[in-house]
Amino acid sequence: MNINLLKDEQLAQLRELLAHSNKIVTVCHTNADGDAIGSMQTWADYLRLQGKEVSVVAPDQYPDFLHWMPGNEKIIRYDKKKDIVKELLQAADLICCMDFNTLHRATPELGDELVKSDKPILLIDHHLNPDIPSVMQISFPLLCSTSEIVFRLISQLGGYDAMTKNMAITTYCGMMTDTGAFTYNSTYPEIYYIISQLLAKGIDKDKIYRNIYHVFSVDRLRLMGYVMYQKLKILTPLRASYYTISRQDQKRFHFIKGDAEGLVNMPLQIKGHRLSISLREDSEKTNLIWVSLRSVENFPCNEMAAQFFNGGGHKNASGGKLFCSLPEAEDITRQAIKAFANLL
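Bear in mind that the values here come from a model prediction, so they are computed numbers and not experimental data.

Undergrad: Would you explain the state of the cysteines in this entry?
TA: By definition, a disulfide links two cysteine residues through a covalent bond between their sulfur atoms. For the structure on display, the rule yields zero disulfides. Distance from the sulfur of Cys 144, which forms no disulfide, to the nearest cysteine sulfur (Cys 173) is 12 Å. On the basis of relative accessibility, which here comes to 0%, the residue Cys 173 falls in the buried class.

Okay, here's the thing in structure tokens:
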């Protein structure tokens, strides 16, 4: 099966870019998810196999359930070591922006540092409408994940045979988490061919699944039950729902980053349901609400996120944020659902 992405001239450009880059920094988006960490780690390991000196930077804290991933100890958090990251950016020959399409997604402050470094940027991403100034954009919004793109690039560059088991693990983890364990945006056959290639490297896909989805605390389980029983609001006959998680709720259930992961998918288990929205108060900042949207079939989460929630993403999985109180966010959510009622 042909999984090549780049035309001959693009492949030559990428080879040339990498050939002239010895010190490379890879950067992902804020609140990094499995695909951000997975694609960044896989690409960094590939570059190291080519003899490059590679630094891996995450803007800020990311969920504990990703810390088991190979190479986690090499990740440098910008919010913890700003001076070190600034020095790395200034010394770099190339900066690789992984899994984000606009600079503010790396946090406004780190985005500014990327601009100030004035170093060439290689963008590898699968989100719509990339606008990061770069010497080369490798952007494929129709693909399931940036990790899939990275695997295809490594394969096209002739790097599959040298791919390590750890690289296969981080690739699979990124693909799995960005498709909800292959339950959305994952119906084309190339994905399963790639999975077979990763399995050939000796990965245990069941263990990877458990490491991501079966590692939560008792408090997280109780939070899930509380949200589904007490907080879920179903809007019939529109086949849509939303729920809120307040700062008080988070305190009650000893919330840590990642505890809300996957909750937004649960209402889609309701027969005929098409849209689920999560509204979560930021644990520290007032009037900041984090929004997650999930849908099935052809309902365009990304359009709703862009129009009402200062966000975007993919058709069936998107996110955004609101700068208001939680009750005001609920009002906006009801307005959004009403505006898209004809698609529900």
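Undergrad: Just to check I follow, could you spell out the sheet that holds strand S5 (residues 121–125) for this structure?
TA: Pairing between the strands of a sheet comes from backbone hydrogen bonds, and it takes one of two forms, parallel or antiparallel. Pairing is parallel across the open sheet formed by six strands, whose spatial order is S3-S2-S1-S4-S5-S6. With partners counted over all chains shown, the strands left at the sheet margins are strand S3 (75–77) and strand S6 (136–139), one partner each. Mean inter-strand twist for the sheet, computed between neighbouring axes without regard to direction, equals 20°. Taken together, the four bridges between strand S4 (residues 94–98) and S5 define a ladder with parallel strand orientation. Bridging from a neighbouring strand, Ile 95 pairs with Ile 121 of S5. Across the sheet, helix H3 (residues 82–91) is in contact with strand S1 (23–27), strand S2 (53–58), S3 and S4; its angle to S1 comes to roughly 130°.

Undergrad: Help me understand the pairing of S1, please; the structure alone is not making it clear to me.
TA: Consecutive side chains of a regular strand alternate in pointing toward one face of the sheet and then the other. With four of five residues buried, S1 lies mostly within the body of the structure. Alignment of S1 against S2, held across five bridges, turns out to be parallel. When the bridges of S2 are listed, Val 27 appears paired with Val 57. Summarising the sheet, S1 and S4 pair through four bridges and their orientation is parallel.

Undergrad: Would you explain the nonpolar core in this entry?
TA: Inside soluble globular proteins, nonpolar side chains tend to come together where they are buried. Among the nonpolar cores identified, the biggest contains 58 residues, and Leu 14, Ile 37, Trp 43, Leu 122, Ile 124, Ile 138 and Leu 198 are the most heavily contacted of them. Tyr 242, Phe 299, Ala 329 and Leu 344 belong to the second largest nonpolar core, which has 23 residues in total.

Parameters and conventions
- Residues numbered from 1 in each chain as written.
- Predicted model: local features only at pLDDT ≥ 70, side-chain atom pairs only at ≥ 80, totals over all residues.
- Heavy atoms only, no water.
- Disulfide = S-S within 2.5 Å.
- Buried < 20%, exposed > 50% of the residue type's maximum accessible area, 1.4 Å probe, protein only.
- Pairing = 2+ DSSP bridges.
- Helix = DSSP H or I, 4+ residues; strand = E, 2+ residues; numbered from the N terminus.
- Axes fitted to C-alpha atoms, helices over the stretch in contact; angles between N-to-C directions.
- Contact = heavy atoms within 4.5 Å.
- Core = buried A, V, L, I, M, F, W, Y, C linked by side-chain atoms within 4.5 Å.

This is a description of form; function is not addressed.
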